[in-house]
Amino acid sequence: MISLPTLLEILPEAQGLRIEDVPVISVTDHSGRVQEGAVFVAVRGSTADGHDYLPEVIKKKPAAIIAQSKGPADYEGLWIQVPDTRIVLGRLAARLAGDPASSMNVIGVTGTNGKTTVTHFIHALFEKAMIKTGMIGTIKTIGNG
């Protein structure tokens, strides 16, 4: 479990704020999963906007709300306005999970064509070199741990 001040210390926007020392149980962008001790991040998506659910989220008294908009003047909880909640959500989720990527090398493959082939080649090369690997793709996931 991580405390709210420790979780939020990675956000420049949280610097200088008085943040209550409470345990954080989750970081979520799903309004239906918010409860006390959760941090809600309002993310704008292609079909739904998390900001539309803020009135519902406020009633659930989360540990913090992070949004791209300013909070209501009468809101007494912790509201942090950031430029891009999508980036913040990923960073906070990783932090809550103990920053697992910090102890591993990660290779990302992007592009229009050939990603699956390239990732299989990379995986095979590391396996031949006897380097512990895993691979996550749309077709399958290979774990070696």
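Residues numbered from 1 in each chain as written. Predicted model: local features only at pLDDT ≥ 70, side-chain atom pairs only at ≥ 80, totals over all residues. Heavy atoms only, no water.

Counting 21 residues, the largest nonpolar core has Leu-4, Leu-7, Leu-8, Val-39, Val-41, Ile-66 and Leu-92 as the members making the most contacts within it. For this core, the secondary structure elements donating two or more residues are α1 (4–8), β4 (38–41), β5 (64–67) and α3 (85–96). Non-local contacts of Val-39, meaning those with residues more than four positions away in its chain, are made with Leu-4, Leu-7, Val-24, Ser-26, Val-27, Thr-28, Ala-64, Ile-66 and Leu-92. Core analysis: the second largest hydrophobic core is formed by 9 residues, Val-34, Ala-42, Val-57 and Trp-79 among them. (Core = buried A, V, L, I, M, F, W, Y, C linked by side-chain atoms within 4.5 Å. Buried < 20%, exposed > 50% of the residue type's maximum accessible area, 1.4 Å probe, protein only. Helix = DSSP H or I, 4+ residues; strand = E, 2+ residues; numbered from the N terminus. Contact = heavy atoms within 4.5 Å.)

Right, let's talk about unusual backbone geometry for a bit. Of note in this structure, Lys-61 is not a glycine but carries a positive phi near 55°. Structurally, Lys-61 is set in the loop between α2 (54–59) and β5. Since its relative accessible area comes to 56%, Lys-61 is described here as exposed. Its identity as a non-glycine residue notwithstanding, Met-130 has a phi of 60°, on the positive side. Examined against the element boundaries, Met-130 turns out to sit in the loop between α4 (115–128) and β7 (135–136). Taking relative accessible area as the criterion, Met-130 reaches 77% and is therefore assigned exposed.

Turning to the side chain of His-123, a few remarks are in order. Within the fold, His-123 resides in helix α4. The exposure class of His-123 is buried, given its relative accessible area of 14%.

It is worth spelling out the pairing of β4 at this point. In regular strands, side chains alternate between the two faces of the sheet. Burial along β4 is two-sided: the residues Ala-38 and Phe-40 and Val-39 and Val-41 are all buried. Taken together, the 3 bridges between strand β3 (residues 26–28) and β4 define a ladder with parallel strand orientation. Paired with Thr-28 across the strands is Phe-40, a residue of β4. Across 3 bridges, the pairing between β4 and β5 is parallel. Each residue of the ladder has a partner; that of Phe-40, found in β5, is Ile-65. (Pairing = 2+ DSSP bridges.)

Side chains bearing opposite charge may pair, as long as their charged atoms lie close to each other. Enumeration according to the criterion identifies 3 salt bridges in this entry. Between Asp-49 and Arg-44 there is a salt bridge whose closest N-O contact spans 3.1 Å. By relative accessible area, Asp-49 is classed as buried at 17%. The partner of Lys-60 in a salt bridge is Glu-56, and the shortest N-O contact between them spans 3.6 Å. By relative accessible area, Glu-56 is classed as partly exposed at 34%. (Salt bridge = Lys/Arg side-chain N within 4 Å of Asp/Glu carboxyl O.)

Geometrically, a pair of aromatic rings is defined through the distance of the ring centres and the angle of the planes. All told, the structure shown has 1 aromatic pair when counted by the stated rule. Judged by centre distance (5.6 Å) and plane angle (75°), the ring pair of Tyr-75 and Trp-79 falls under edge-to-face. Under the relative-accessibility criterion, Tyr-75 is labelled buried at 18%. (Phe/Tyr/Trp six-rings, centres within 6.5 Å; stacked < 30°, edge-to-face > 60°.)

Moving on, we get to the sheet that holds β5. Spatially, 4 strands are ordered β3-β4-β5-β6 in an open sheet, and the strand pairing comes out parallel. Two strands in the sheet have a free side with no partner beyond their single neighbour: β3 and β6 (79–81). Averaged over all pairs of adjacent strands, the angle between strand axes in this sheet comes to 15°, irrespective of strand direction. Sheet strands in contact with α3 are β3, β4 and β5, and its direction is about 160° off that of β3. (Axes fitted to C-alpha atoms, helices over the stretch in contact; angles between N-to-C directions.)

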